[in-house]
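Structure at a glance
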Amino acid sequence: THSMRTIAQTTQIQSMQIPSVRSLAALSLFFAAGASHAIAQDQGLATTTLTPAAQATESPVPAAKPAPSARATLRAQHAFSADLEDVPGDVSISRFAGQVGLTFPTSDRSQIGVALFSETSLYDFSDDTAFAPSVGAPWEDVQELGLGVTFRDRVTDTWSYFVGAGIDANYEFGADVGDSLTYLGLGGVRYEVGPELGIGLGAIVSSRLEDDVFFIAFPTIDWRPSKDWRLATGPGDGRAVELRLSYIASEEFTASLFGAFETRAFRLDEDGPVPDGVGRDWRLPVGVGLAWNPHPQVTLSLEGGAFVYSELTLDDSNGDEISQVEPDIAPFILAELRFSF
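Residues numbered from 1 in each chain as written. Predicted model: local features only at pLDDT ≥ 70, side-chain atom pairs only at ≥ 80, totals over all residues. Heavy atoms only, no water.

1. Quick look at the overall build of the chain
Along the backbone of the chain there are 1 helix and 15 strands. Burial analysis of the chain (341 residues in total) assigns 55% to the buried set. Entry remark: accessible area of the chain is about 13200 Å², with carbon and sulfur atoms responsible for 63%. (Helix = DSSP H or I, 4+ residues; strand = E, 2+ residues; numbered from the N terminus. Buried < 20%, exposed > 50% of the residue type's maximum accessible area, 1.4 Å probe, protein only. Areas by Shrake-Rupley, 256 points an atom, 1.4 Å probe, with all protein chains shown as cover.)

What follows is the structure, given as structure tokens:
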């Protein structure tokens, strides 16, 4: 599932740093929701479906041998200007992402998924920004590139498992790309309690930018109490993972409410204000969405909401914190177009 943004928005898991104790609840949601965007695969869960190559909350592999399939997604998001708390300045962000995923059957019950992901984030700090002493605007435009590979196998009618690996480069333009790489491996199992409920357990091990290797186990859930409603954890838009309640109004329209946690970490320009440093951006978006399926292979999604909490952190090249700010609540809008073949 986000190559997210595919082994899987997010942040990101590979480069995430826990910013404070009050973040623990959000982190629990993040890991419960699944894998990073370099390894998750679209499961029709969210209004926004920019996700990578296979993920723990997917439905099991069909008993009949599946045919090869492909997915392509384009997404644009804008977070409106938000003042920085306790310091002068404000910041707005525009993001543009694309993803391509391929799935190949290896038997009647197993398959391999490969996904590629790219996201460009344009940060616009105001001229009077005082993010850190003598620094001002800490970074500008950021690029993320990801590749993920997963293998999934259905062992019985109720049990399935998956394993995956991915590599991600996340860097400000002008940074050393080789110093921006992180690596991820994960695996997990899923049990179908019944047609309306699937539960799972997985584990992730990941490197992080200027931080220790990270490991955690996480649960997943996918509950469909009726044909019209679905409650599930899963990958959201690109870097995000989320809890989403969906109402399937018809074959063409789905409305939803969601809350999510998304995180990014990236290497900074080697000639910038903080050479070879690390920028960290994590957010809690909540909102509503509407998905329209004019054709079985085409989905157009629109979302709107607000980042109810955000945190930007600037670290030096050794990973030591220089400064941290909390932007005010910021509204956002998002549009996504997805094709499947």
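2. Points about the environment of Thr-129
With respect to the helices, strands and loops of the structure, Thr-129 is situated in the loop between β3 (110-125) and β4 (141-154). When the C-alpha positions of Thr-129 and Gly-89 are compared, they lie 3.9 Å apart, and in sequence the two are 40 residues distant. Beyond its immediate stretch of four places on either side in the chain, Thr-129 contacts Leu-84, Pro-88, Gly-89, Asp-90, Gly-136 and Ala-137. For Thr-129, the side chain forms a polar contact with the main-chain oxygen of Ser-126, separated by 2.7 Å. (Contact = heavy atoms within 4.5 Å. Polar contact = N/O pair within 3.5 Å; in protein donor to acceptor, adjacent residues only side chain to side chain.)

3. Looking at the pattern of salt bridges
By the definition in use, this model includes 17 salt bridges. The closest approach of N and O atoms between Asp-157 and Arg-109, which form a salt bridge, is 3.4 Å. Taken together, the residues span a long stretch of sequence, with Asp-157 in the loop between β4 and β5 (159-172) and Arg-109 in the loop between β2 (90-105) and β3 at a distance of 48 residues. Exposure remark for Arg-109: the relative accessible area of 27% places this residue in the partly exposed category. Between Arg-244 and Glu-242 there is a salt bridge, with the nearest N and O atoms lying 2.6 Å from each other. Each member of the pair, Arg-244 as well as Glu-242, carries the same accessibility label: buried. Salt bridges linked by common partners bring Arg-190, Glu-192, Asp-222, Arg-224 and Arg-230 together as one network. (Salt bridge = Lys/Arg side-chain N within 4 Å of Asp/Glu carboxyl O.)

4. Topic: a negative patch on the surface
On the surface, Asp-83, Glu-85, Asp-86 and Asp-328 cluster together into a patch of negative charge. Position of Asp-83 relative to the elements: it lies in strand β1 (residues 69-83). (Patch = residues over 30% accessible without salt bridge, like charges linked within 9 Å, V, L, I, M, F, W, Y side chains within 5 Å. Lys, Arg positive; Asp, Glu negative; His and termini not counted. Charge placed at Lys NZ, Arg CZ, Asp CG, Glu CD.)

5. Some thoughts on the pairing of β1
For a regular strand, side-chain orientation follows a simple rule: the groups alternate between the two sheet faces. In this sheet, β2 lies alongside β1 in antiparallel orientation, the contact comprising 13 bridges. Paired with Ala-70 across the two strands is Leu-102, which belongs to β2. Hairpin connection, β1 to β2: the antiparallel pair is bridged by 6 residues, and Asp-86 has positive phi, about 75°. Relative to strand β15 (residues 330-340), β1 runs antiparallel, the two sharing 9 bridges. Its bridge partner being in β15, Leu-74 is matched across the sheet by Leu-337. (Pairing = 2+ DSSP bridges.)

6. Remarks on the nonpolar core
Ranked by internal contacts, the top residues of the largest apolar core, which has 20 residues, are Val-91, Tyr-123, Phe-125, Phe-131, Trp-139, Leu-312 and Leu-314. Every element with two or more residues in this core is listed here: β2, β3, β11 (253-267) and β13 (298-315). Broken down by element, the residue count for this core peaks at 3 residues, all from β13. With residues up to four places along the chain from it excluded, the contact list for Leu-314 reads Phe-131, Ala-132, Val-135, Pro-138, Trp-139, Leu-268, Val-274, Val-278, Asp-320, Glu-321, Ile-322 and Ser-323. Of all hydrophobic cores here, the second largest spans 5 residues; its members include Phe-162, Leu-184, Leu-186 and Ile-204. (Core = buried A, V, L, I, M, F, W, Y, C linked by side-chain atoms within 4.5 Å.)

7. Observations regarding the confidence of the model for the chain
Scored by pLDDT, the chain comes out at a mean of 82, with 79% of its residues at no less than 70. Counted against residues more than four places away or in other chains, residues 1-63, with its pLDDT under 50, gives 350 contacts. (pLDDT = per-residue confidence, 0-100.)

8. Quick word on the packing of aromatic side chains
Scanning all chains against the criterion turns up 15 aromatic pairs. Centre to centre, the rings of Phe-125 and Trp-139 are 5.8 Å apart; their planes meet at 85°, and the pair counts as edge-to-face. With Phe-125 in strand β3 and Trp-139 in the loop between β3 and β4, this pair connects stretches of sequence that are 14 residues apart. What makes Trp-139 buried here is its relative accessible area of 1%. Seen from the ring of Phe-307, Arg-283 lies directly overhead, with NZ or CZ sitting 5.0 Å from the centre. (Phe/Tyr/Trp six-rings, centres within 6.5 Å; stacked < 30°, edge-to-face > 60°. Lys NZ or Arg CZ within 6 Å of the ring centre and 35° of its normal.)

9. Some details on the side chain of Glu-311
In this fold, Glu-311 is placed in strand β13. A relative accessible area of 0% means that Glu-311 is categorised as buried. Side chain to side chain, Glu-311 and Tyr-309 meet in a polar contact 2.9 Å long.

10. What to know about unusual backbone geometry
Despite not being glycine, Glu-210 shows a phi value in the positive range, around 50°. Structurally, Glu-210 is set in the loop between β7 (197-208) and β8 (211-226). In this structure Glu-210 comes out as partly exposed when scored by relative accessible area, which is 33%. The phi angle at Asp-276 is positive, at roughly 60°, despite the residue not being glycine. By the secondary structure assignment, Asp-276 is in the loop between β11 and β12 (278-295).

11. Concerning a nonpolar patch on the surface
Residues Ile-112, Leu-116, Leu-147, Val-149, Ile-167 and Tyr-183 make up a contiguous nonpolar surface patch of roughly 480 Å² in combined accessible area. Going through the elements one at a time, β3 and β4 are the ones with two or more residues in the nonpolar patch. Residue placement: Ile-167 occurs in strand β5. Accessibility expressed as a relative area gives 31% for Ile-167, which makes it partly exposed.

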